[in-house]
Amino acid sequence: MLSFTKVSVPFTAFRCLSLIRNSFVGTMAASVVKKFLGTIFLLFACVLVILSLLVIKTLLSSPHKQEFAKCDPSDKDFIKLDEKRIQTLSQAISIKTVSYQQGILSFGALKEIHQLIFKAYPILHTSPLVHLETVNNYSLLYYVKGSDEALKPYMLAAHLDVVPAENLEDWDVPPFAGVIDDKYIWGRGAIDDKHSVFGILEALEFLLKRGEHPVRSFYVALGHDEEVMGTQGKPITDNCHPYSQGSDFPWIHGRS
């Protein structure tokens, strides 16, 4: 009995110590887990509150509306759609500046549309305010100098090329005929994107003819391979840096 008692007392003490230790560790672990979960819940609640505030602000805030004056023939800067302007766009549509894939472009047609542009807008191409640079032989980059060169310039962009016209039987008119009816000028590129090209050039010619001098300088970039990723026209932005002093500038319209 004495032998048994001497052995069992230390053994019992050891078991009690082990149980107490395990209980203590378990309590600490539970406390850490509880604190961790509490922190996660607090962060989630903060994010939820922020998102709710943003949603409420968005719903309560009225959208910004920019008002534009209605175009009226009596306006001094109204550009009348006369026969010459109609025929210029029609002729541009009839020039097959098709981009088939990267590197396979209608180079002859691109040179042809250049000649149309130079002929149709003589004031633009002789004005001392305008500098023209050809990029990669076929993209056109115009720089129009403003009176305040401290202002950051902006860019108007469009592209000269079009995608191929497929499934000709589905076309109401031949895609490269430049057909004119009572309401529309029909053809490939009428919307994407020769209307932008010639709309910009018409406005420039009109303003320069009136002797207008812009306050802010700007660029007009007319790319020639936008329909096939625009890799050859992309260096246009690099060529802007000498005039914009290396700064970025906003793209106001279109794509090149």
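Scope of this entry: the structure provided in the associated data block. (Residues numbered from 1 in each chain as written. Predicted model: local features only at pLDDT ≥ 70, side-chain atom pairs only at ≥ 80, totals over all residues. Heavy atoms only, no water.)

**Description of unusual backbone geometry**
Formally: Secondary structure elements are taken from DSSP: a helix is a run of H or I of four residues or more, a strand is a run of E of two residues or more, and numbering for both begins at the N terminus. A simple rule labels every residue: compare its accessible area, found with a 1.4 Å probe on the protein chains alone, to the largest value its type can have, and call it buried under 20%, exposed over 50%, or partly exposed in between.
Here the amide bond leading from Asp192 into Asp193 is cis, since omega sits at 10°, within 30 degrees of zero. Although it is not a glycine, Asn137 adopts a positive phi angle of roughly 75°. With respect to the element layout, Asn137 can be found in the loop between strand S3 (130-135) and strand S4 (139-144). Given a relative accessible area of 51%, Asn137 falls into the exposed group. We note that Met229 has phi near 85°; this positive angle belongs to a residue other than glycine. Judged by its relative accessible area of 68%, Met229 falls in the exposed class.

**Considerations on the pairing of strand S5 (residues 154-159)**
A regular strand places its side chains so that they alternate between the two faces of the sheet. Note the cut-off: Strands were regarded as paired on the criterion that DSSP finds at least two bridges between them. The path from the first strand over the helix to the second decides the hand: if it runs clockwise while the strands point away from the viewer, the crossover is right-handed.
Burial within S5 is extensive, with 5 of its 6 residues counted as buried. The pairing of S5 with strand S6 (residues 218-223) spans 6 bridges and is classified as parallel. Along S6, the bridge assignment pairs Tyr154 with Phe218. Chirality of the crossover, the property in question, places the unit of S5, helix H4 (residues 194-209) and S6 among those that are right-handed.

**Remarks on the packing of aromatic side chains**
Defined as follows: The criterion for an aromatic pair is that two Phe, Tyr or Trp rings (for Trp, the six-membered ring) have centres within 6.5 Å, with stacked assigned to planes under 30 degrees apart, edge-to-face to planes over 60 apart and tilted to the rest.
Scanning the entire structure with this criterion turns up 5 aromatic pairs. Where Tyr121 meets Phe198, the ring centres are 6.3 Å apart and the plane angle is 40°; that geometry is what we call tilted. A residue pair is termed long-range when its members are at least 10 positions apart, and Tyr121 in the loop between helix H3 (107-120) and S3 and Phe198 in helix H4 qualify at 77 residues. Across the pair, exposure class does not vary: Tyr121 and Phe198 are buried alike. Ring centres of Tyr184 and Trp186 lie 5.7 Å apart, and the angle between their planes is 75°; this geometry places the pair in the edge-to-face category. Judged by relative accessible area, which is 49%, Tyr184 ranks as partly exposed.

**Brief notes about the pairing of S3**
Sheet analysis places S3 next to S4, joined by 6 bridges and oriented antiparallel. Bridge pairing links Glu133 to Leu141 in S4. Joining the antiparallel neighbours S3 and S4 is a turn of 3 residues, in which Asn136 adopts a positive phi near 50°.

**Some remarks on the side chain of Arg188**
Applicable threshold: Positive: Lys, Arg. Negative: Asp, Glu. His and the chain ends are not part of the count. Whenever a carboxyl oxygen of Asp or Glu lies within 4 Å of a side-chain nitrogen of Lys or Arg, that contact is scored as a salt bridge. As used in this structure description, the phrase polar contact means that two N or O atoms lie within 3.5 Å; if the pair is within protein, one of them must be able to donate a hydrogen and the other to accept it, and residues adjacent in sequence are counted only when both atoms belong to side chains. The contact criterion used throughout is that any non-hydrogen atoms of two residues lie within 4.5 Å.
Looking at where Arg188 falls in the secondary structure, it is placed in the loop between S5 and H4. Although Arg188 is buried, it makes no salt bridge; Glu166 carries the closest opposite charge, 6.9 Å away. Reaching out from Arg188, the side chain makes a polar contact with the backbone oxygen of Val163 at a distance of 3.1 Å. Here the side chain of Arg188 touches Pro164 through a polar contact of 2.9 Å, landing on its backbone oxygen. If near-sequence neighbours (up to four positions away) are discounted, Arg188 is found in contact with Ile93, Val162, Val163, Pro164, Ala165, Glu166, Trp171, Pro175 and Phe176.

**Side note on H3**
Defined as follows: The length a helix should cover is 1.5 Å for every residue beyond the first. It is the directions from the helix axis to the C-beta atoms that the arc portrays.
Over its 14 residues, H3 runs 20 Å from end to end, which matches the ideal 20 Å to within 8%, given 1.5 Å per residue. Along H3, the positions that sit buried rather than exposed are Ala109, Leu110, Ile113, His114, Leu116, Ile117 and Ala120. Buried residues of H3 fall within an arc of 160° about the axis and therefore sit on the same side. Exposed and facing more than 90 degrees away from the buried side of H3 are Gly108, Gln115 and Lys119.

**Quick look at the packing of helix H2 (residues 83-94) against H4**
Short version of the rule: Interaxial angle, 0 to 180 degrees, is taken between N-to-C directions of lines fitted to C-alpha atoms, where a helix line uses only the stretch in contact. The hand of a helix crossing depends on one turn: near helix anticlockwise from the far one by less than a right angle means left-handed, and clockwise means right-handed.
Interaxial distance between H2 and H4 falls to 10 Å at its minimum, and their mutual angle equals 145°. The chirality of how H2 crosses H4 is right-handed. Packed against H2, whose contacting residues are Arg85, Thr88, Leu89, Ala92 and Ile93, the element H4 presents Lys194, His195, Phe198, Glu202 and Phe206 at the interface.

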